[in-house]
Amino acid sequence: MTTSQDDQVPAGFAPHFRKSPLTDPWEPLFSRIGKASVTIALRVRPVHCNGKGFLHGGLVGSLADNAMGLSVLESLKTQGIGRARAGSTVSLAVDFLASAQIGQWVEFVPRVLKIGSSLGFADCLVLADALSIARGNATFRLYRSPPTA
């Protein structure tokens, strides 16, 4: 079996480590763990698209939320902060700047802005073949473990 140019995955990306029933139909997804960040990526396929053949906005919002939330968790981990339980998304906003089409490589590139005592703040650029197609921002509820004495 040969690999076409459209199936190639850029260096540094591996199959995404976080699976969920929501994202299962969108596989294969890829991720790259950086310092306090988790970039998620995919090659746009028909299953990712709306009726017009463009990358679906719901998928963009979901994966931006996922990348930002995982990056907040990665930031907590790099700071040695434990979690008492899972957190949740408090708010999420996505601005759509352009569209992506079948075959394009799309990356959800997050940035953690601040980790407070009970909230985390992040933003995200969504790039299709390195061009901005969306931007997002989110706030996450954190539940830190109590400090050990």
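First, a word on what this report is: a plain description of the structure on this page.

Counting residues in each nonpolar core, the largest one holds 31 residues, and the members touching the most others are Leu55, Leu63, Val106, Phe108 and Val126. Contributions of two or more residues to this core are made by strand E3 (37-43), helix H1 (57-78), strand E5 (105-115), strand E6 (119-128) and strand E7 (131-141). Not counting residues within four places of it along the chain, the set of residues in contact with Phe108 comprises Val38, Thr39, Ile40, Leu59, Val60, Leu63, Ala64, Ala67, Cys124, Leu125 and Val126.

Time to look at the pairing of E5. The pairing of E3 with E5 spans four bridges and is antiparallel. Looking at the pairing, Ile40 lines up with Phe108 of E5. In this antiparallel pair of consecutive strands, E5 and E6, the connection spans three residues.

For the rest of this paragraph, the subject is the environment of Ala98. By secondary structure assignment, the location of Ala98 is in the loop between strand E4 (88-96) and E5. Separated by 33 residues in the primary sequence, Ala98 and Leu131 place their C-alpha atoms 9.0 Å from one another.

Strand order in the open sheet formed by seven strands is E1-E2-E3-E5-E6-E7-E4, with antiparallel pairing between adjacent strands. Single-partner strands in this sheet number two, and they are strand E1 (14-15) and E4. Here five bridges tie strand E2 (residues 30-34) to E3, and the two strands are oriented antiparallel to one another. Across the sheet, the residue bridging to Arg32 is Thr39, located in E3. Its contacts with the sheet put H1 on E2, E3, E4, E5, E6 and E7, and the angle it makes with E5 is roughly 45°.

Looking at the element boundaries, Phe54 is found in the loop between E3 and H1. With residues near it in sequence (within four places) discarded, Phe54 still touches His48, Cys49, Ser99, Ala100 and Gln101.

Parameters and conventions
- Residues numbered from 1 in each chain as written.
- Predicted model: local features only at pLDDT ≥ 70, side-chain atom pairs only at ≥ 80, totals over all residues.
- Heavy atoms only, no water.
- Core = buried A, V, L, I, M, F, W, Y, C linked by side-chain atoms within 4.5 Å.
- Buried < 20%, exposed > 50% of the residue type's maximum accessible area, 1.4 Å probe, protein only.
- Helix = DSSP H or I, 4+ residues; strand = E, 2+ residues; numbered from the N terminus.
- Contact = heavy atoms within 4.5 Å.
- Pairing = 2+ DSSP bridges.
- Axes fitted to C-alpha atoms, helices over the stretch in contact; angles between N-to-C directions.

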